[in-house]
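# Overview (structure and organization)
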Amino acid sequence: MTASAQPVATFNQSTKIFRLDGGDVSYVFGVNSRGELQQLYWGGRLGANDHFPQAEPMREWASFDSSYTTTPQEYAGWGAGLFVEPALKVTFADGNRDLVLHYESHVVTPDGFDVVLKDIQRAVFVTLHYSMDPKMGILARSATIENREAQPITIEQAAAAAWALPAGNYTLNYLTGRWAGEWTLNQETLRPGERLIESRRGSTSHQANPWFAIEAGAPDENHGEVWFGALAWSGSWRITVEKDQLDAVRVTGGFNPFDFGYVLHPGESLETPEFYGGYSPDGLGGASRILHHYEIAHILPHRMGEGDNAAPRPRPVIYNSWEATEMNVTEAGQIALAEKAAALGVDRFVMDDGWFGQRKTDHAGLGDWYVNPVKFPHGLKPLIDKVHALGMDFGLWVEPEMVNPDSDLYRKHPDWVLNFSGRPRSEERNQLVLNLARPDVRAYVFGFLDKLLTENDIAFLKWDYNRNWSEPGWDQLPPNEEKKVYVEFTRNLYGILAELKKRHPKVEFESCSGGGGRVDLGILKYADEVWPSDNTDPFDRLTQQDGFTYAYTPQIMMAWVTDSPHWLNKRSTSLEYRLLSSMQGSLGIGANITKWNDEEMATAKRLIAAYHQVQKTIVQGDEYRLISPRNGSEFSATQTVNRDKSQSVVFAFIHSTQEGRGFPRLKLMGLDPAAEYALTPIEGNAAKDTPATASGAWWMNHGLDMSDDFRGDFQAAAFRLDRK
Ligand code: DGJ
């Protein structure tokens, strides 16, 4: 049977083996002789007729040891003799905390299975959902936990899925950071014990991102087996990476069990988020390319009303007012910026913070979503009309889940914020978090956004979120149920976005959270793009963008060109350098362009036009991180190749050169070796003997030499290659 003719999901009744095949990947698990669901294989695609005998629990290692612990269960309840991370831990009404999940039944779904597990005695059912992408081999997993007991149960820990790898030497890759310093790639040898990657902050967080990649052996960008995963959840989350006593590896991820407690009344169920997992034999680069394409094809919102296959378009080039005006927005000031933005060839003008309520500083106004009558005496319409007349569409900043104590909303509804009754309420950026889990708060937030979008011709909302949770009480509920806030808040956020998308299908959203604090596959089902960091320094961005692209596609990676010297690092860089740094993602302009001279305007206009021509290749192609800027590298380079290999774009950056050292020859990747490609500089030049046209084999084997004068501090060059 050919790979494409083989069904995605097959079940062998006699061996009780479940098998999922997609792309170059197979995933196999089975019901073992004890009745548990046991993982058997995850990796490169197996032959269609390859056979697995029925699963047997793993052997015990010592007389006091437990095979519950060494058997890689697909979804282990905490009970029997389990000492490793459970997927599910519950307390029953009578105090029993033993949960042993055995296979009960299953159904085959269009691209996978729903497998039902049940406790050996009690009516707690868990349905595991498996859905394999037939092309890319990415497996989506989640669980539905249902209480059919006569009494409530409390869920203390619920994972979306657990992934397993056999004993071996591995490198763990994960992303961490801080405000203005997100997207640091960490690479460390996986050692015995548990490694927690998590957020306890109520949302995804700047500090860690719910993505992992585990590589066989040492880190390698282009070679070697990589297993990776990403959790689709924008609330507190945890991924536990565990190397057990026999060196086998397990990755368990879902709701963060810290301070968790979800009461399920009889008949109720809890859905976990989805946890996506994939495999590549081509190193971290191969893994991220698969994930990028999957995100574009299956996660990001498709254009509504334009058919199922209306994949996301490259993002409009935007102008954003934040760094130019901060909160001092006025009708005249925004129009002055919009006129210059239109002259540059910008597609979308976005007014940032400051247009509403009594918002003069970050001490007031959040929650009061009426147009400030002093700043905009005639409402938003004159500005929006002007932006349209200039040939751009209009976007607006909002921060819907927040409230300043100095606001009419808070004065009217002080009980609407997350808080513990009678206790102090910690402020961050002078604001409190509205408890979006409350139905009245949800209705208020949906109501004002719906009104804003109904009354104004708005194409885009930048949805910001500028603090973490504290004192997460929800005193409308009985004390033992308040912790439901960790689930219901995020569900309501998704619900509001889904409803707004339905009612306003053309409106697009950006997920921003004081930079990149809310980027994950959960929010990306609703958000068309994200703001990766408040740090817009073009050199810092190179490393951040490098880290970002391990997990997320450049399609969503907004990158603005801002003023120099930069406000954060005081670093001066040329406009060309800043533009090329931002052109590696979805380009925006965030500088005070009213101050730009004719030469600056001409440079930006030229490079924006060049970007428009090749943007689809850059943001939706196969991305190769040719030279990483990490670890203090003085050079860096990226290359993207479009899906049919007819076009490629190369970016090269120098931090600083010493002792006359020039840029290393760049061996390109991913081209068709037999095709001829013409090289065109976008910025900078190739070495003088470089052929104007050469084969893909030449560019990949011989490579591209930069011109002799490509040296110094903060230099940038970009090229395109077009198949003849
Ligand atoms: C944080 C965002 O990341 C910035 O881009 C800007 O929108 C400010 N908030 C506005 O308060």
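For the structure given in this document, a descriptive report is provided here. (Residues numbered from 1 in each chain as written. Predicted model: local features only at pLDDT ≥ 70, side-chain atom pairs only at ≥ 80, totals over all residues. Heavy atoms only, no water.)

Time to look at the overall build of the protein chain. Helices and strands together make up the secondary structure of the protein chain, namely 12 helices and 36 strands. Scaling as 2.2 N^0.38, a compact globule of 724 residues should have a C-alpha radius of gyration of about 27 Å, and the protein chain matches this with 27 Å. Its C-alpha atoms give the protein chain principal-axis dimensions of roughly 80 × 70 × 50 Å. Of the accessible surface of the protein chain, which amounts to about 26500 Å², a share of 50% is contributed by carbon and sulfur atoms. Across the protein chain, 70 positive and 95 negative side-chain charges occur, with their mean positions spaced 1 Å apart. (Helix = DSSP H or I, 4+ residues; strand = E, 2+ residues; numbered from the N terminus. Rg over C-alpha atoms; globule rule 2.2 N^0.38 Å. Areas by Shrake-Rupley, 256 points an atom, 1.4 Å probe, with all protein chains shown as cover. Lys, Arg positive; Asp, Glu negative; His and termini not counted. Charge placed at Lys NZ, Arg CZ, Asp CG, Glu CD.)

Quick look at the sheet that holds strand S2 (residues 17-22) now. Here we have four strands laid out as an open sheet, ordered S1-S2-S3-S4, and antiparallel in their pairing. Whereas interior strands pair on both sides, the edge strands pair on one side only; in this sheet they are strand S1 (9-12) and strand S4 (37-44). Strand after strand, the sheet turns through a mean of 15 degrees between neighbouring axes, direction not considered. Pairing geometry for strand S3 (residues 25-31) and S4, over seven bridges, is antiparallel. Within the sheet, the bridge partner assigned to Gly 30 lies in S4 and is Gln 38. (Pairing = 2+ DSSP bridges. Axes fitted to C-alpha atoms, helices over the stretch in contact; angles between N-to-C directions.)

Now for unusual backbone geometry. Here Ser 564 and Pro 565 are connected by a cis peptide whose omega angle stands at -5 degrees. Checked against the element boundaries, Pro 565 lands in the loop between strand S29 (558-561) and helix H10 (575-583). A positive phi angle, near 60 degrees, is found at Lys 16, a position not held by glycine. Its location among the elements puts Lys 16 in the loop between S1 and S2. Positioned with a positive phi, Trp 183 is a non-glycine residue whose angle comes to about 75 degrees. With respect to the helices and strands, Trp 183 occurs in the loop between strand S11 (170-176) and strand S12 (184-189).

Once that is clear, we can look at the layout of surface pockets. If you add up the space inside the largest pocket, you get close to 540 Å³. What lines the largest pocket is a set of 24 residues, among which Met 136, Arg 289, His 293, Asp 622 and Arg 643 lie closest to the centre. Mapped by element, the contributors of at least two residues to the lining of the largest pocket are strand S20 (274-280), helix H2 (283-299), helix H11 (598-620) and strand S31 (622-627). Considering each element in turn, the lining of the largest pocket owes the most residues, six residues, to H2. For the lining of the largest pocket, the per-class residue count stands at 10 nonpolar, seven polar and seven charged. (1 Å grid on protein atoms, 1.4 Å probe; cavity = no way out; pocket = protein on both sides within 12 Å on 5 of 7 lines; lining within 4 Å. Points joined across faces, edges and corners; volume = space filled by probe spheres on them. Nonpolar A, V, L, I, M, F, W, Y, C, P; charged D, E, K, R; others polar.)

Right, let's talk about the site of the ligand for a bit. Around the ligand, a shell composed of 14 residues is seen, among which Asp 352, Asp 353, Lys 462, Asp 464 and Asp 534 lie nearest. Taking Asp 464, its side chain carries an N or O atom lying 2.7 Å from a nitrogen atom of the ligand. A distance of 3.1 Å separates an oxygen atom of the ligand from a polar backbone atom of Gly 515. When the free accessible area of the ligand is taken as 300 Å², the share hidden by the protein chains comes to 98%. By residue class, the composition of the shell around the ligand is five nonpolar, three polar and six charged. (Near = heavy atom within 4 Å. Polar contact = N/O pair within 3.5 Å; in protein donor to acceptor, adjacent residues only side chain to side chain.)

Next up on the list: the pairing of S29. Here S29 shows two buried faces, one formed by Met 558 and Trp 560 and the other by Ala 559 and Val 561. Two strands pair when backbone bridges link them, and S29 and strand S30 (residues 586-589) are joined in this way by four bridges, in the parallel orientation. Note that in S30 the partner of Met 558 across the bridge is Ser 586. Each parallel crossover has a hand, and the one from S29 via H10 to S30 is right-handed. (Buried < 20%, exposed > 50% of the residue type's maximum accessible area, 1.4 Å probe, protein only. Right-handed = clockwise from strand over helix to strand, strands pointing away.)

Attention now moves to the pattern of salt bridges. Tallying each qualifying case throughout the model produces 43 salt bridges. Arg 438 is the partner of Asp 415 in a salt bridge, and the nearest nitrogen-oxygen pair spans 3.5 Å. Pair noted here: Asp 415 is in the loop between helix H6 (408-412) and strand S25 (432-433) and Arg 438 is in the loop between S25 and helix H7 (439-455), with a separation of 23 residues, a long-range link. Residue Asp 415 is classed as partly exposed on the basis of its relative accessible area of 39%. Residue Arg 438 is classed as buried on the basis of its relative accessible area, which comes to 5%. Arg 571 is the partner of Asp 537 in a salt bridge, and the nearest nitrogen-oxygen pair spans 2.7 Å. Taken together, the residues span a long stretch of sequence, with Asp 537 in the loop between strand S28 (529-530) and helix H9 (538-551) and Arg 571 in the loop between S29 and H10 at a distance of 34 residues. Residue classification places Asp 537 among the buried residues on the basis of a relative accessible area of 0%. Residues joined in a network through salt bridges with shared partners are Arg 315, Arg 348, Asp 393, Glu 508 and Glu 529. (Salt bridge = Lys/Arg side-chain N within 4 Å of Asp/Glu carboxyl O.)

Moving on, we come to the sheet that holds S31. If you walk across this open sheet you meet the six strands as S31-S32-S33-S36-S34-S35, and the pairing is antiparallel. Each edge of the open sheet carries a strand with a single partner, namely S31 and strand S35 (693-695). Across the sheet, the mean angle separating the axes of adjacent strands is 25 degrees when strand polarity is ignored. Bridge count for strand S33 (residues 647-654) against strand S36 (residues 715-723) is eight bridges, and the pairing is antiparallel.

Here Gly 522 shows up in the loop between strand S27 (508-511) and S28. Remark: the alpha-carbon pair of Gly 522 and Ser 234, spanning 288 residues in sequence, is separated by 5.9 Å. If we ignore the near neighbours within four places in the chain, the residues touching Gly 522 are Leu 231, Ala 232, Trp 233, Ser 234 and Tyr 494. (Contact = heavy atoms within 4.5 Å.)

Attention now moves to the environment of Val 251. Looking at where Val 251 falls in the secondary structure, it is placed in strand S17 (residues 249-255). Those residues in contact with Val 251 that lie beyond four places of it in its chain are Ala 161, Ala 162, Trp 163, Phe 212, Ile 214, Ile 239, Thr 240, Val 241 and Phe 275.

We now examine the packing of H2 against H9. Where H2 meets H9, the closest approach of the two axes is 7 Å, and the angle between their N-to-C directions is 70 degrees. Judged on the interaxial angle alone, H9 and H2 are roughly perpendicular. Between H2 and H9, the contacting residues are Leu 284, Ser 288, Leu 291, His 292 and Glu 295 on the first element and Thr 549, Tyr 550 and Ala 551 on the second. Among the residues forming the contact of H2 with H9, the class breakdown is four nonpolar, three polar and one charged. (Parallel < 35°, antiparallel > 145°, perpendicular 65-115°, else oblique.)

Turning our eyes to something else, we now look at the pairing of S20. By the criterion of burial, S20 is predominantly enclosed, with six of the seven residues buried. Note that strand S9 (residues 139-147) and S20 share three bridges and pair antiparallel. If you follow Ala 140 over to S20, its bridge partner there is Tyr 276. Pairing of strand S15 (residues 226-232) with S20, which is carried by seven bridges, proceeds in the antiparallel orientation. Directly across from Ala 232, in S20, lies its bridge partner Glu 274.

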